[in-house]
Amino acid sequence: MAQKLIRITDRDNVAVALESLPQGSVVEVEKSAFTIAANIPAGHKVALEDIAEGESVIKYGYPIGKAKTAIKKGEWVHTFNVKTALSEEAEYTYDEEVAKESVLEMNAKKAIYASSGVPTIKAYERKNGDIGIRNAIWIIPTVGCVNQISKLLEAWGNENLGIEDGVHAYVHPFGCSQLGDDHENTRKILSDLVHHPNAGGVLVIGLGCENNTMDSFKALVGEVDEERVKFMVSQEEEDEVESGKKLLSEIAEVVKKDKRTVVPMSKLVVGMKCGGSDGFSGITGNPLVGRFTNELVAMGGTAILTEVPEMFGAEQVLMNRAESREVFDEVVDMINGFKHYFTSHGQVVYENPSPGNKMGGITTLEDKSLGCVQRGGRAPVSGVLKYGDRVKKSGMNLLTGPGNDIVSTTVQSAAGAHMILFTTGRGTPLGAPVPTVKIATNTALSEKKANWIDFNAGRLLQEDSDKVLNDFIALLQRIASGEVKTKNEENGYTEISILKDGVVL
């Protein structure tokens, strides 16, 4: 009998349908056959045993909620009969022994790479020791008032300058009429982008009367290579467009001289994101990214995991891998701080998953979160970053940020990610300022939206997992080396969005 269900761990009392199952069909899990009691869509859950009202529903080896009513073996398990068990309050513990196991496991993998050597890519080496995997020119407006000037110069630059990786204006509505943390967050994100190594050059454009004054912004940005980073205040120019063209031309002369050189993959900083998840996200796409994360960290590279609300319900899994008590405390502060962000606005922390997630088979936030955190593999957590911080330490870093696709890809880019691995079961075209690798969790999506998708993780349901992983790593090497553009790059889909929490004047 062909496999139609997958039980993820031997602790689970539900399995996931690999295809749509009609009522009355007979299926088999681990040599035990039973009858399906209702029409069950692909990616949705089936009870493997009777589950009493109030009893935990187990998937990934952990509870994803509690049964609202009694559920019989063979029945569909979803939002109508399962509820979240999350609340705004939770207590967390640090298991030092479990954390040590994670570190020892990673050290063993590191020893293999130390012996065999780290794979390489071709990248641009910057003066400060960073690498860039693209050599674009970025235009950064300090305030939304100059967005259209920035877009006009972007179009002119792409038509006239001949920059291989393009000229990109990252427009936004902020930089003025903001107060407190919102204002500083805007400034930090924009400053981070000025320093991003994928930008061979940057033109910063201001208006002249905004809160984010050019002088204060320059002070925040700090030291730059003046041949590559130029500043322009529009109100000070007789013709700001002509002045902008002149500055872009000067930057382009420098950027065009840059050449790729061979560097180890350990130099890579890779962000991880999921959007439009489905019931296969935690079975194919996210575990594939998790296996790559294990390899990258073992090489000495850096991974960034964000989307804090999508850690709720699975946060203890990450805390158990904190490499020290200090890191554990920082993870707890990050989780509780984001819960406070919800409750301070009168919102519950478990207002998730989205309608699209539910259609794809995800039932509760725990269900979604336990699938999402698999992108972190089994790597120890080595650091915790606040919103707007840049990566300073290699290994697995947790970054404060929301689940919103554009906001979270922006904050990962700002933190220093050279590329973002974006798993999706529903499909999405959006792209960050950095190459955004779209990974389909199912073959049907990969085939239907070939113009969006870069890799099909649905192959894991039919092919050897090591072969799929090796193919995935080979693709990432080619993307990092500039041999292949991601679909978001081909389509010209790149944008930013900045977190806003407070008052707009």
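On a predicted model such as this, the values are computed, not experimentally measured, just so you know.

Focus: the packing of helix H1 (residues 96-116) against helix H6 (residues 285-299)
Viewed as axis vectors pointing N to C, H1 and H6 meet at an angle of 65°, and their least axial separation amounts to 8 Å. Our classification of the angle between H1 and H6 gives roughly perpendicular. Of the two elements, H1 crosses H6, and the hand of that crossing is right-handed. Along its contact with H1, which presents Met-106, Lys-109, Lys-110 and Tyr-113, the element H6 presents Asn-294, Glu-295, Val-297, Ala-298 and Met-299.

Details of the environment of Ser-481
Looking at the secondary structure, you find Ser-481 in the loop between helix H13 (465-480) and helix H14 (487-491). Judged by its relative accessible area of 9%, Ser-481 falls in the buried class. Sequence separation between Ser-481 and Ala-33 is 448 residues, and the spatial gap between their C-alpha atoms is 49 Å. Other than its neighbours up to four places away in sequence, Ser-481 contacts Ile-121, Lys-122 and Arg-260. In terms of polar contacts, Ser-481 uses its side chain to reach the backbone amide nitrogen of Lys-122, at 3.0 Å.

Quick look at the sheet that holds strand E11 (residues 131-132)
In space, the three strands of this open sheet follow the order E11-E10-E16, with antiparallel pairing throughout. The open sheet is flanked by E11 and strand E16 (261-264), the only strands paired with a single partner. In the sheet, strand E10 (residues 120-125) pairs with E16 via four bridges, with the strands oriented antiparallel. In the strand pairing of E16, Ala-123 is matched with Thr-261.

Thoughts on the packing of aromatic side chains
Here the structure, examined in full by the defined rule, presents nine aromatic pairs. Aromatic side chains Tyr-94 and Phe-328 sit 5.2 Å apart centroid to centroid with 35° between the ring planes, which places their arrangement in the tilted category. Taken together, the residues span a long stretch of sequence, with Tyr-94 in the loop between strand E9 (82-83) and H1 and Phe-328 in helix H8 (residues 325-344) at a distance of 234 residues. Residue Tyr-94 is classed as buried on the basis of its relative accessible area, which comes to 14%. Owing to a relative accessible area of 4%, Phe-328 belongs among the buried residues under this scheme. Measuring from ring centre to ring centre gives 5.9 Å for Phe-312 and Phe-342, while their planes differ by 70°; the resulting arrangement is edge-to-face. Of this pair, Phe-312 sits in the loop between strand E18 (302-305) and helix H7 (315-319) while Phe-342 sits in helix H8, and the two are 30 residues apart along the sequence. Each member of the pair, Phe-312 as well as Phe-342, is classed as buried. Grouping aromatic residues by their ring pairs yields a cluster made of Phe-312, Phe-338, Tyr-341 and Phe-342.

Notes on a negative patch on the surface
Among the surface-exposed residues, Glu-326, Asp-329, Glu-330 and Asp-333 lie close enough to one another that they form a single negatively charged patch. Structurally, Asp-333 is set in helix H8. According to the relative accessible area criterion, Asp-333 is exposed, its value standing at 56%.

Quick word on the pattern of salt bridges
By the definition in use, this model includes 29 salt bridges. Asp-367 is the salt-bridge partner of Lys-45, the closest N and O atoms lying 2.8 Å from each other. Here Lys-45, found in strand E5 (residues 45-47), pairs with Asp-367, found in helix H10 (residues 365-372); they are 322 residues apart in sequence, far enough to count as distant. Accessibility classification places Lys-45 together with Asp-367 in one group, the buried group. Here Lys-339 and Glu-315 are joined by a salt bridge, their closest N and O atoms 3.8 Å apart. Linking Lys-339 in helix H8 with Glu-315 in helix H7, this pair joins segments that are 24 residues apart in sequence. Of the two residues examined, Lys-339 and Glu-315, each falls in the buried class. Look at the salt bridges and you will find they share partners, linking Arg-126, Lys-127, Asp-225, Arg-228 and Asp-258 into a network.

Things to note about the sheet that holds strand E1 (residues 5-6)
As summarised here, the arrangement of the four strands in space is E1-E2-E5-E8, forming an open sheet in which the pairing is antiparallel. If you trace the sheet from one side to the other, it starts and ends with E1 and strand E8 (76-77), each paired once. Looking at chain direction, E1 and strand E2 (residues 14-17) are connected through two bridges and run antiparallel. Bridge pairing in E2 places Ile-6 opposite Val-16.

Re unusual backbone geometry
Despite not being glycine, Tyr-60 has its phi angle at roughly 60°, a positive value. On the secondary structure map, Tyr-60 appears in the loop between strand E6 (56-59) and strand E7 (62-67). Phi angles above zero are rare outside glycine, and Ser-177 is one such case at about 60°. Tracing the chain through its elements places Ser-177 in the loop between strand E13 (167-169) and helix H3 (180-194). For Ser-177, a relative accessible area of 26% corresponds to the partly exposed category.

Side note on helix H4 (residues 214-221)
For H4, the full list of buried residues reads Met-214, Phe-217 and Val-221. Down the axis of H4, the buried set is contained in an arc of 60°. They therefore lie on one face. Those residues of H4 that are exposed and angled more than 90 degrees off the buried face are Asp-215 and Ala-219. Those residues of H4 that are buried lie in contact with H3, strand E14 (199-206) and strand E15 (229-233). Trailing H4 by a residue or two, Gly-222 shows a phi angle of about 80°, which is positive.

Rules used throughout
- Throughout this description, residue numbers start from 1 for each chain and increase along the sequence as written.
- For a predicted model such as this one, the threshold for reporting local features is a pLDDT of at least 70, and the threshold for listing and counting side-chain atom pairs is 80 or more; totals across whole chains, interfaces and linings nevertheless cover every residue.
- As a rule here, side-chain values cover all heavy atoms of the structure and leave hydrogens and water aside.
- Axis lines are fitted through C-alpha atoms, for helices just across the contact stretch, and the angle between N-to-C directions can take any value from 0 to 180 degrees.
- A run of DSSP states H or I qualifies as a helix once it reaches four residues; a run of E qualifies as a strand once it reaches two. Both are numbered from the N-terminal end.
- If an angle is under 35 degrees, it is roughly parallel; if it is over 145, roughly antiparallel; if it lies from 65 to 115, roughly perpendicular; otherwise it is oblique.
- For a crossing to be left-handed, the near helix must be turned anticlockwise from the far one by less than a right angle; the clockwise case is right-handed.
- Any two residues whose heavy atoms approach within 4.5 Å at even a single point are treated as in contact.
- The buried label applies to any residue whose accessible area, calculated with a 1.4 Å probe on protein chains only, is under 20% of its type's maximum; exposed applies above 50%, and partly exposed to all values in between.
- Distance and chemistry together define a polar contact, namely a pair of N or O atoms within 3.5 Å, with one atom able to donate a hydrogen and the other to accept it when in protein, and with adjacent residues in sequence counting only for side-chain atoms on both sides.
- Paired strands are those between which DSSP finds at least two bridges.
- Pairing of aromatic side chains here covers Phe, Tyr and the six-membered ring of Trp, requires ring centres within 6.5 Å, and sorts the geometry by plane angle: under 30 degrees stacked, over 60 edge-to-face, intermediate tilted.
- Here, patches come from residues exposed beyond 30% relative accessible area and free of salt bridges, joined within 9 Å for like charges and within 5 Å for nonpolar side chains (Val, Leu, Ile, Met, Phe, Trp, Tyr).
- The Shrake-Rupley method, run with a 1.4 Å probe, gives the accessible areas here. Residue values count only the displayed protein chains as cover.
- Any Lys or Arg side-chain nitrogen found within 4 Å of a carboxyl oxygen on Asp or Glu counts as a salt bridge.
- Only four residue types enter the charge count, namely Lys and Arg as positive and Asp and Glu as negative; His and the chain termini do not.
- Positions of charges follow a simple convention, taking NZ of Lys, CZ of Arg, CG of Asp or CD of Glu.
- Directions from the helix axis toward the C-beta atoms define the arc.

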